[in-house]
Amino acid sequence: EKALAKVIAIRQPHRQEVPAALRHDAAAENSLGRLFLTGKITREQPAAGKWYAGVVRRYRQVIMAPNCNPGSISGVTIVGSGGPIHIEDEEASRRKSVYDAAFELLDEIGQRVAKAVAHTAVHDRSAGDGLRLLVIGLEALASYRGLTRPKNSDLSIHRMAQGERQ
């Protein structure tokens, strides 16, 4: 059974960009994992992106926004996939504060950086031409979360993205 699952996994189209020996890895299932497995981002950056995606998902629950990643192809909500839930005021306030801080961090670096992170980390889409912007955003989030020591000062990160604000 495990052998069959491995064969199926390595044949999936979205895993083809990953080296054959790593296609069966669970990380190859999503965009951030594939970027890590192909050496385009560091080990800490997918964790930062997944954290940010969770922050966005939890905030969207507070504002009762539709699930941006529905639990089925048809868009019909599957039990446990993010339908409306009651959230206490204190928890809603905490979620909003965390979301605001994370969003402001990315937005201060540049709107294109924030969009690149949302595109790949939140919506699980390919980074494409936005890889450089995504890496800048993920590095900032990883540093913010304490997953990495800042390689550059915050000012240097802002300078790296400055050309991206136009």
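Scope of this entry: the structure provided in the associated data block. (Residues numbered from 1 in each chain as written. Predicted model: local features only at pLDDT ≥ 70, side-chain atom pairs only at ≥ 80, totals over all residues. Heavy atoms only, no water.)

## So, the overall build of the chain
Right, so step 1: For the chain, the helix and strand inventory stands at 7 helices and 0 strands.
Right, so step 2: In the chain, the order of α-helices and β-strands from amino to carboxyl end is α-α-α-α-α-α-α.
Right, so step 3: Going through the 166 residues of the chain one by one, you find that 33% of them count as buried.
Right, so step 4: Taking all contacts inside the chain whose residues are at least 6 apart in sequence as the whole, residues at least 24 apart take part in 52%.
Right, so step 5: Approximately 10,300 Å² of the chain is accessible, and the part contributed by carbon and sulfur atoms is 54%. (Helix = DSSP H or I, 4+ residues; strand = E, 2+ residues; numbered from the N terminus. Buried < 20%, exposed > 50% of the residue type's maximum accessible area, 1.4 Å probe, protein only. Contact = heavy atoms within 4.5 Å. Areas by Shrake-Rupley, 256 points an atom, 1.4 Å probe, with all protein chains shown as cover.)

## Description of unusual backbone geometry
Right, so step 1: Positive phi, normally seen in glycine, also occurs at Met-64, with a value near 55°.
Right, so step 2: Relative to the helices and strands, Met-64 is located in the loop between helix H3 (44-62) and helix H4 (89-109).
Right, so step 3: Judged by its relative accessible area of 63%, Met-64 is exposed.
Right, so step 4: With a phi angle near 55°, Asp-124 is a residue other than glycine that sits in the positive phi range.

## Structural notes on the pattern of salt bridges
Right, so step 1: What the rule picks out here adds up to 4 salt bridges.
Right, so step 2: The shortest N-O distance in the salt bridge between Arg-94 and Glu-91 comes to 2.8 Å. Of this pair, Arg-94 and Glu-91 both sit in helix H4, 3 residues apart, which is roughly one turn of the helix.
Right, so step 3: A relative accessible area of 44% places Arg-94 in the partly exposed class.
Right, so step 4: Note that Glu-91 and Arg-95 form a salt bridge whose closest N and O atoms lie 2.9 Å from each other. Of the two residues, Glu-91 and Arg-95 are both situated in helix H4; the distance of 4 residues between them amounts to about one turn of the helix.
Right, so step 5: A relative accessible area of 27% means that Glu-91 is categorised as partly exposed.
Right, so step 6: One connected set of salt bridges, linked through shared partners, spans Glu-91, Arg-94 and Arg-95. (Salt bridge = Lys/Arg side-chain N within 4 Å of Asp/Glu carboxyl O.)

## Overview of the side chain of Gln-45
Right, so step 1: In this structure, Gln-45 sits in helix H3.
Right, so step 2: Beyond its immediate stretch of four places on either side in the chain, Gln-45 contacts Val-135, Leu-138 and Glu-139.

## A look at the nonpolar core
Right, so step 1: By size, the foremost hydrophobic cluster in this structure holds 28 residues, and its most contacted members are Trp-51, Tyr-52, Leu-106, Val-113, Val-117, Leu-134 and Leu-141.
Right, so step 2: Elements supplying a minimum of two residues to this core: helix H2 (31-37), H3, H4, helix H5 (111-122) and helix H6 (131-144). (Core = buried A, V, L, I, M, F, W, Y, C linked by side-chain atoms within 4.5 Å.)

## Details of the environment of Leu-37
Right, so step 1: If you trace the backbone, Leu-37 turns up in helix H2.
Right, so step 2: In this structure Leu-37 touches Val-18, Pro-19, Leu-22, Asp-25, Ala-27 and Ala-28, once residues within four positions along its chain are discounted.

## Some remarks on H5
Residues spaced three or four apart along an α-helix point in a common direction, a consequence of the helix completing one turn every 3.6 residues.
Right, so step 1: Along its 12 residues, H5 runs 15 Å from first to last C-alpha, staying within 8% of the 16 Å computed at 1.5 Å per residue.
Right, so step 2: Within H5, the full set of buried residues consists of Val-113, Ala-114, Ala-116, Val-117, Thr-120, Ala-121 and Val-122.
Right, so step 3: Phi turns positive, to about 55°, at Asp-124, one or two residues after H5. (Expected span 1.5 Å × (residues − 1).)

## A closer look at a nonpolar patch on the surface
Right, so step 1: A surface patch of nonpolar side chains, about 260 Å² in accessible area, is lined by Leu-4, Val-7 and Ile-8.
Right, so step 2: Locating Val-7 in the fold gives a position in helix H1 (residues 2-11). (Patch = residues over 30% accessible without salt bridge, like charges linked within 9 Å, V, L, I, M, F, W, Y side chains within 5 Å.)

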